[in-house]
Amino acid sequence: QVQLVESGGGLVQAGGSLRLSCAASGRTLSSSAMGWFRQAPGKEREFVAGITWIGGRTYYADSVKGRFTISRDNAKNTLYLQMNSLKPEDTAVYYCAAGSPFGPVTMTVDGYDYWGQGTQVTVSS
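These numbers were taken from a predicted model, which means no experiment stands behind them.

Draft legend 1. Layout of the nonpolar core. Leu4, Trp36, Leu81, Met83 and Tyr94 are the most contacted members of the largest nonpolar core, which totals 28 residues. Put simply, the parts of the chain that give this core at least two residues each are strand 3 (18-25), strand 4 (32-39), strand 5 (46-51), strand 7 (68-73), strand 8 (78-83), strand 9 (92-101) and strand 11 (119-124). Here Tyr94 is in contact with Glu6, Leu20, Phe37, Arg38, Val48, Phe68, Leu81, Met83, Gly118, Thr119 and Val121, once residues within four sequence places are set aside. With six residues, the next largest nonpolar core counts Ala33, Phe47, Val105 and Tyr112 among its residues.

So this is what it looks like as structure tokens:
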């Protein structure tokens, strides 16, 4: 069983930065595609960023491209999301997710097997 624990969320002013972390335990995730999703009140969970298990190729939602950076440290079994130039519309609960071994990055919730409990990010105007 895989456990994912996010941290690093909080309250920040517009234009500020936050760095989210997602620590994995239970098994190594070096062979799994990983992703960040977010869910705002009253909205569906949406894809934010993803990273492949090999080569570290990254994918981003258009709304965060150029502002957010996803990365992973396989030695630490940890996923990161650096968020810069934050906007009020980035306010949401952010979730990390792990896919099946050797699977691709997908932009849908169904493409991931394990989820963290989420961390709140609030951006004030």
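Following the structure, the description resumes.
Draft legend 2. Local environment of the sheet that holds strand 3. Strand order across the open sheet formed by four strands is 1-3-8-7, with antiparallel pairing between neighbours. Looking at which strands have only one partner, the edges of the open sheet turn out to be strand 1 (3-7) and strand 7. When strand polarity is set aside, the average angle formed by the axes of neighbouring strands in this sheet is 15°.

Draft legend 3. Broad picture of unusual backbone geometry. Even without a glycine there, the phi angle at Asn77 is positive, about 55°. Looking at the element boundaries, Asn77 is found in the loop between strand 7 and strand 8. Positioned with a positive phi, Ser85 is a non-glycine residue whose angle comes to about 50°. You can see Ser85 is positioned in the loop between strand 8 and strand 9.

Draft legend 4. Molecular detail of the packing of aromatic side chains. Throughout the structure, instances matching the rule amount to five aromatic pairs. Here the aromatic rings of Phe37 and Phe47 are separated by 5.6 Å at their centres, their planes lie at 80°, and the arrangement is edge-to-face. Of this pair, Phe37 sits in strand 4 while Phe47 sits in strand 5, and the two are ten residues apart along the sequence. Taking relative accessible area as the criterion, Phe37 reaches 0% and is therefore assigned buried. Relative accessible area serves as the criterion here: at 8%, Phe47 is assigned to the buried category. By the ring-pair criterion, three or more aromatic residues cluster together here, those being Phe37, Phe47, Tyr112 and Trp115. Sitting over the face of the ring of Tyr80, Arg19 holds its NZ or CZ atom 4.0 Å from the ring centroid. The ring centre of Tyr95 lies 3.6 Å from the NZ or CZ of Arg45, which sits over that ring.

Draft legend 5. Structural detail: the environment of Val123. Its location among the elements puts Val123 in strand 11. The buried category is assigned to Val123, whose relative accessible area is 6%. With 32 residues separating them in the primary sequence, Val123 and Thr91 have C-alpha atoms 5.5 Å apart. Apart from the residues lying within four places of it in its own chain, the contact partners of Val123 are Val12, Gln13, Ala14, Leu86, Lys87, Pro88, Asp90 and Thr91.

Draft legend 6. Layout of the pattern of salt bridges. This model, assessed by the stated rule, comprises four salt bridges. Across the pair Lys65 and Asp62 runs a salt bridge whose closest N-O atoms are separated by 3.1 Å. We classify Asp62 as exposed; its relative accessible area is 66%. Its salt-bridge partner being Arg67, residue Asp90 comes within 2.8 Å of it at the nearest N-O pair. In this pair, Asp90 is assigned in the loop between strand 8 and strand 9 and Arg67 in the loop between strand 6 (58-60) and strand 7, connecting sequence segments 23 residues apart. Under the relative-accessibility criterion, Asp90 is labelled buried at 0%.

Rules and cut-offs
- Numbering of residues starts from 1 in every chain and runs along the sequence as written.
- Local features are withheld for residues below a pLDDT of 70 in this predicted model, meaning they are given only at 70 or higher, and side-chain atom pairs are given and counted only at 80 or more; totals for whole chains, interfaces and linings count all residues.
- In computing side-chain values, all of the structure's heavy atoms are included and hydrogens and water are not.
- Side-chain atoms within 4.5 Å are what join buried Ala, Val, Leu, Ile, Met, Phe, Trp, Tyr and Cys residues into a set we call a nonpolar core.
- Here's how the labels work: a residue is buried when its accessible area is under 20% of the maximum for its type, exposed when over 50%, partly exposed in between, all with a 1.4 Å probe on protein chains only.
- Strands are runs of DSSP state E lasting at least two residues, helices are runs of H or I lasting at least four, and both sets are numbered from the N terminus onward.
- Residue contacts follow a heavy-atom distance rule, with two residues in contact if any of their heavy atoms lie within 4.5 Å.
- Here, any two strands with at least 2 DSSP bridges between them count as paired.
- Each axis is a line fitted through C-alpha atoms, taken for helices only over the stretch in contact, and angles between the N-to-C directions span 0 to 180 degrees.
- Any pair of Phe, Tyr and Trp rings, taking the six-membered ring for Trp, is counted once the centres come within 6.5 Å. Such a pair is stacked with planes under 30 degrees apart, edge-to-face with planes over 60 apart, and tilted for the rest.
- Charges are assigned to positions over rings by a cutoff of 6 Å between ring centre and Lys NZ or Arg CZ, combined with an angular limit of 35 degrees from the ring normal.
- A side-chain nitrogen of Lys or Arg and a carboxyl oxygen of Asp or Glu constitute a salt bridge if their distance falls within 4 Å.

The values reported here are purely geometric and, on their own, carry no functional implication.
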